[in-house]
Amino acid sequence: MSTQPLTPPAPTIDAPRLARLVEISRVLNSTTSVDGLLHYIIKQAAALTDSEAASILLLDPHTRQLYFKAASNSPDNSLTHIPIPLDNSIAGSILQENRPMLIADVTRDPRWNPDVSQAINFQTKCILGVPMHDADRQAMGVLEALNKQHGRFTRQDAETLTILADIAGVAIARAQLAEALQQAYRELNELDQVKTDFIAVASHELRTPLSVIMGYVSFLREEADPDMAGQLDTVMDAAVHLRNLIQDMLNLRYVDAGESMLDLQAWDLREVVAELTAVPDETAVSRRQTITSHHPPDPIIVRIDHDVILTAFTNLLDNAIKFTPEGGQIDLRLEQRGHEAWFSVCDTGIGIPADKLEWIFKRFCQVEPALRRRYEGLGLGLSIAKDLVELHNGRIWAESTPQQGSAFTIALPLHSEG
Ligand code: ADP
């Protein structure tokens with residue numbers, strides 16, 4: 001066998017090669033595409049060792065075989081499908097024995113596989129191969145330089161290739177991780193979109209039969225005797241509850257449509273707040289809650305999509321009513337603060353623990369555990385309000401004292417003329 005183990009390296013790399021290695025290391029550290037890295041590495045490996053070609057084989061952790069990932073003598077990637085086993089192959093020996101090897105004449109090495117040369121019509125005469133390692137020093141592949149162009153491979157070539165392989169291995173492992181993360185992120189986004197589309201379609205489809213039910217219930221209610229009327233009221237309450245849930249789901253469409261769908265107009269925010277209380281809320285009335293509203297005498301002009309901001313305000317008021325017990329107090333307050341309009345909803349309700357004050361603005365997050373919930377809802381209202389307010393370059397936040405009450409505030413930029 002013509003394998004020649006190389007003795008421990010002495011510092012033989014000359015200054016120009018070292019300078020070149022430093023420059024290569026800088027490029028490798030700033031390249032994030034795996035393909036880009038592989039091609040850059042083989043080009044540099046061939047140039048640094050004065051070889052006709054260079055190639056990189058990486059270990060597949062599942063099949064435990066090596067695969068060509070880049071080869072400068074096979075630009076059309078025709079080698080990528082040829083697996084190289086770890087046993088009885090030159091590259092496999094380099095990886096398993098974890099050391100550089102020089103094969104001066106491949107034709108005299110029984111591990112030599114001529115299929116590879118034939119596949120790309122390249123005559124391999126000698127190979128200088130070194131193992132590549134990841135950041136944990138695990139052997140992850142092999143870097144090979146093929147056919148020295150002038151003379152024979154030297155110790156300096158072996159040392160240079162070893163250093164290049166080590167810098168390259170870490171860079172490749174890092175880029176592979178980054179690509180896997182990007183892929184996972186893309187898949188998560190796709191899943192999120194599927195879920196959002198499903199919610200939009202389902203809520204839309206539920207609305208039509210529900211309107212029919214509500215229509216017939218109110219028609220029957222008019223004709224019904226007192227006994228039956230009580231039962232129909234219960235059906236109607238349940239239907240209203242269902243309609244509110246569906247409305248929450250439908251409001252997601254505003255969020256997904258994004259900024260481009262906003263119909264922005266100048267509005268006096270006092271008018272929008274007045275709409276909130278124009279019709280007394282049945283739940284608040286039945287709980288004997290007092291709702292008061294305060295606003296300044298002068299208009300507070302903002303540039304908003306009226307329906308969208310009304311939805312955000314309504315979500316805050318609905319929550320205040322829902323989480324405030326019988327006889328509680330709810331204050332709506334509108335004021336100008338610097339260049340912003342602040343709308344706050346303060347209640348004397350159950351309050352929110354301090355560590356949940358930011359978390360409740362995420363989708364489907366509710367303070368009460370799902371299975372022990374006393375309050376109805378999907379956990380969507382605040383996240384929708386937050387997204388809608390942020391589409392208007394505004395902010396939303398909550399302050400609260402548990403058992404005493406909460407205050408939710410929405411800040412919107414004032415409309416400046418011109
Ligand atoms: P939902 O009201 O449908 O549960 P939201 O997104 O509107 O969903 O609110 C999320 C959670 O924030 C609620 O489940 C509740 O735990 C808490 N919360 C919201 N508003 C109030 C409030 N005014 N008082 C107490 N807790 C509140």
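The present account deals with the structure reproduced in this document. (Residues numbered from 1 in each chain as written. Predicted model: local features only at pLDDT ≥ 70, side-chain atom pairs only at ≥ 80, totals over all residues. Heavy atoms only, no water.)

1. Topic: a negative patch on the surface
Definition in use: The patches described consist of residues with a relative accessible area above 30% and no salt bridge, like charges being joined within 9 Å and nonpolar side chains (Val, Leu, Ile, Met, Phe, Trp, Tyr) within 5 Å. Per-residue accessibility takes into account occlusion by the displayed protein chains alone, with areas from the Shrake-Rupley method and a 1.4 Å probe. In what follows, salt bridge is the name for a side-chain nitrogen of Lys or Arg lying within 4 Å of a carboxyl oxygen of Asp or Glu. Neither His nor the chain ends is counted toward charge; the positive residues are Lys and Arg and the negative residues Asp and Glu. Lys charges are placed at NZ, Arg charges at CZ, Asp charges at CG and Glu charges at CD. A run of H or I in DSSP counts as a helix once it spans at least four residues, and a run of E counts as a strand once it spans at least two, with each numbered from the N terminus. Whether a residue is buried, partly exposed or exposed follows from its accessible area with a 1.4 Å probe, protein chains only, as a fraction of its type maximum: under 20%, in between, or over 50%, in that order.
On the surface, a cluster of negative charge is contributed by Asp263, Glu271, Glu275 and Asp307. Tracing the sequence through the fold places Glu271 in helix α7 (residues 269-278). For Glu271, a relative accessible area of 44% translates into the label partly exposed.

2. Observations concerning the pairing of strand β13 (residues 395-401)
The condition is simple: Any two strands with at least two DSSP-identified bridges between them are counted as paired.
Relative to strand β14 (residues 405-413), β13 runs antiparallel, the two being bridged by 7 bridges. Its bridge partner being in β14, Trp397 is matched across the sheet by Thr409.

3. Section: helix α9 (residues 306-322)
Convention followed: Each residue after the first adds 1.5 Å to the expected span of a helix. Counting of polar contacts relies on pairs of N or O atoms within 3.5 Å, with two restrictions inside protein: one atom must be capable of donating a hydrogen and the other of accepting it, and residues adjacent in sequence are counted only when both atoms are side-chain atoms.
With 17 residues, α9 extends 24 Å from end C-alpha to end C-alpha; this agrees with the ideal 24 Å at 1.5 Å per step. Of all 17 residues making up α9, 13 are buried, and the element is well covered by its neighbours. The N-terminus of α9 is capped by Asp305, whose side-chain oxygen sits 3.2 Å from the backbone nitrogen of Asp307.

4. Topic: the nonpolar core
Short version of the rule: The set of buried Ala, Val, Leu, Ile, Met, Phe, Trp, Tyr and Cys residues whose side-chain atoms join them within 4.5 Å is what this entry labels a nonpolar core. What makes two residues a contact is simply this: any of their non-hydrogen atoms within 4.5 Å.
Membership of the largest hydrophobic core comes to 34 residues, with the highest contact counts inside it found for Leu269, Phe313, Phe343, Phe408, Ile410 and Leu412. When residues of this core are traced back to their parent elements, those giving at least two are α7, β10 (301-304), α9, β11 (329-337), β12 (340-347), α10 (381-391), β13 and β14. For this core, the leading source of residues is α9, giving 8 residues. Ignoring sequence-local partners within four residues, the contact set of Leu412 consists of Leu269, Val302, Ile304, Ile309, His339, Glu340, Ala341, Val389, His392 and Gly394. Counting 32 residues, the second largest nonpolar core, distinct from the first, contains Leu38, Met132, Ala158 and Ala171.

5. Let's talk about α7
Cut-off, in case you're wondering: In this description, the arc belongs to the directions extending from the helix axis to the C-beta atoms.
Of all the positions in α7, only Leu269, Arg270, Val272, Val273 and Leu276 are classed as buried. Along α7, the residues classed as buried sweep out an arc of 165 degrees about the axis, all on the same side.

6. Here we look at the packing of helix α6 (residues 226-257) against α9
Axis angle and axis distance: for two packed helices, these are the angle between their axes and the distance between the axes, and together they describe the pair. Threshold: Every axis in this analysis is a line fitted to C-alpha atoms, fitted for helices over the stretch in contact. Angles between the N-to-C directions lie between 0 and 180 degrees. For classification, angles of less than 35 degrees are called roughly parallel, those exceeding 145 degrees roughly antiparallel, those between 65 and 115 degrees roughly perpendicular, and all remaining angles oblique. Working rule for handedness: look at the near helix, and if it is turned counterclockwise from the far one by less than a right angle, call the crossing left-handed; if clockwise, right-handed. When residues are sorted by character, Ala, Val, Leu, Ile, Met, Phe, Trp, Tyr, Cys and Pro go into the nonpolar class, Asp, Glu, Lys and Arg into the charged class, and all the rest, Gly among them, into the polar class.
Between α6 and α9, the shortest axis-to-axis distance is 11 Å and the interhelical angle comes to 135 degrees. Regarding the angle of α6 to α9, the classification is oblique. Like other packed secondary-structure pairs, α6 and α9 cross with a definite hand, here left-handed. Where α6 approaches α9, its residues Asp248, Asn251 and Tyr254 are matched on the opposing element by Asp307, Val308, Thr311 and Asn315. Of the residues belonging to the contact of α6 with α9, the class tally is 2 nonpolar, 3 polar and 2 charged.

7. Structural notes on the site of the ligand
What counts, and what does not: One heavy atom suffices: a residue is near a molecule or strand as soon as one of its heavy atoms comes within 4 Å of it.
Inspection of the region around the ligand gives 21 residues, with Asn319, Lys322, Asp347, Gln366 and Leu382 positioned closest. Here an oxygen atom of the ligand sits 3.0 Å away from a polar atom, N or O, in the main chain of Gly379. Taking Leu382, its main chain carries an N or O atom lying 2.8 Å from an oxygen atom of the ligand. In isolation the ligand has 530 Å² of accessible area, and contact with the protein removes 98% of it. Within the residue set of the shell around the ligand, elements represented by two or more residues are α9, α10 and β14. If you tally residues by element for the shell around the ligand, the top one is α9, at 3 residues. Per-class residue counts for the shell around the ligand are 11 nonpolar, 7 polar and 3 charged.

8. Thoughts on the sheet that holds β13
The 5 strands lie next to each other as β9-β11-β12-β14-β13, forming an open sheet whose pairing is mixed. Among the strands making up the open sheet, the edge pair consists of β9 (290-294) and β13. In this sheet, adjacent strand axes meet at a mean angle of 15 degrees when their direction is disregarded. Relative to β12, β11 is paired through 8 bridges, and the arrangement is antiparallel.

9. Comments concerning the pattern of salt bridges
Evaluation of the coordinates by the stated rule reveals 16 salt bridges. Note that Lys386 is salt-bridged to Glu390, the shortest N-O span being 2.9 Å. Of the two residues, Lys386 and Glu390 both sit in helix α10, 4 residues apart, roughly one turn of that helix. Residue class for Lys386 comes out partly exposed when judged on its relative accessible area of 26%. Exposure remark for Glu390: the relative accessible area of 38% places this residue in the partly exposed category. Each of the salt bridges in this network shares a partner with another, and the network as a whole consists of Arg17, Lys148 and Asp157.

10. Some points on the packing of α9 against α10
Here α9 crosses α10 at 150 degrees, and the two axes come no closer than 9 Å. The interaxial crossing formed by α9 with α10 has left-handed handedness. When α9 is examined against α10, the residues Val308, Thr311, Ala312, Asn315, Leu316 and Asn319 are found in contact with a partner set consisting of Gly381, Leu382, Ile384, Ala385, Leu388 and Val389. Classifying every residue of the contact of α9 with α10 gives 8 nonpolar, 4 polar and no charged.

11. Topic: the packing of aromatic side chains
Geometry of an aromatic ring pair is reported as the spacing of the ring centres plus the angle between the planes. This is how it is decided: A pair of aromatic rings is counted whenever rings of Phe, Tyr or Trp (Trp by its six-membered ring) have centres within 6.5 Å, and the orientation is called stacked for planes under 30 degrees apart, edge-to-face for over 60 and tilted otherwise. Lysine NZ or arginine CZ positioned within 6 Å of the ring centre and within 35 degrees of the ring normal marks a charge as sitting over the ring.
Applying the stated criterion to the full structure yields 4 aromatic pairs. Between the aromatic rings of Phe313 and Phe343, the centroid separation amounts to 4.0 Å while the plane-to-plane angle is 25 degrees, which identifies the pairing as stacked. With Phe313 in helix α9 and Phe343 in strand β12, the pair connects residues that are 30 residues apart, well separated along the chain. Looking at Phe343, the relative accessible area reads 0%, which means it is buried. Summarising the aromatic geometry, the rings of Phe361 and Phe408 are spaced 6.1 Å apart at their centres and angled 65 degrees between planes, so their arrangement reads as edge-to-face. One end of the pair, Phe361, is in the loop between β12 and α10; the other, Phe408, is in strand β14, and 47 residues separate them in sequence. Positioned above the aromatic ring of Trp342, the side-chain terminus of Arg337 is 4.4 Å from the ring centre.

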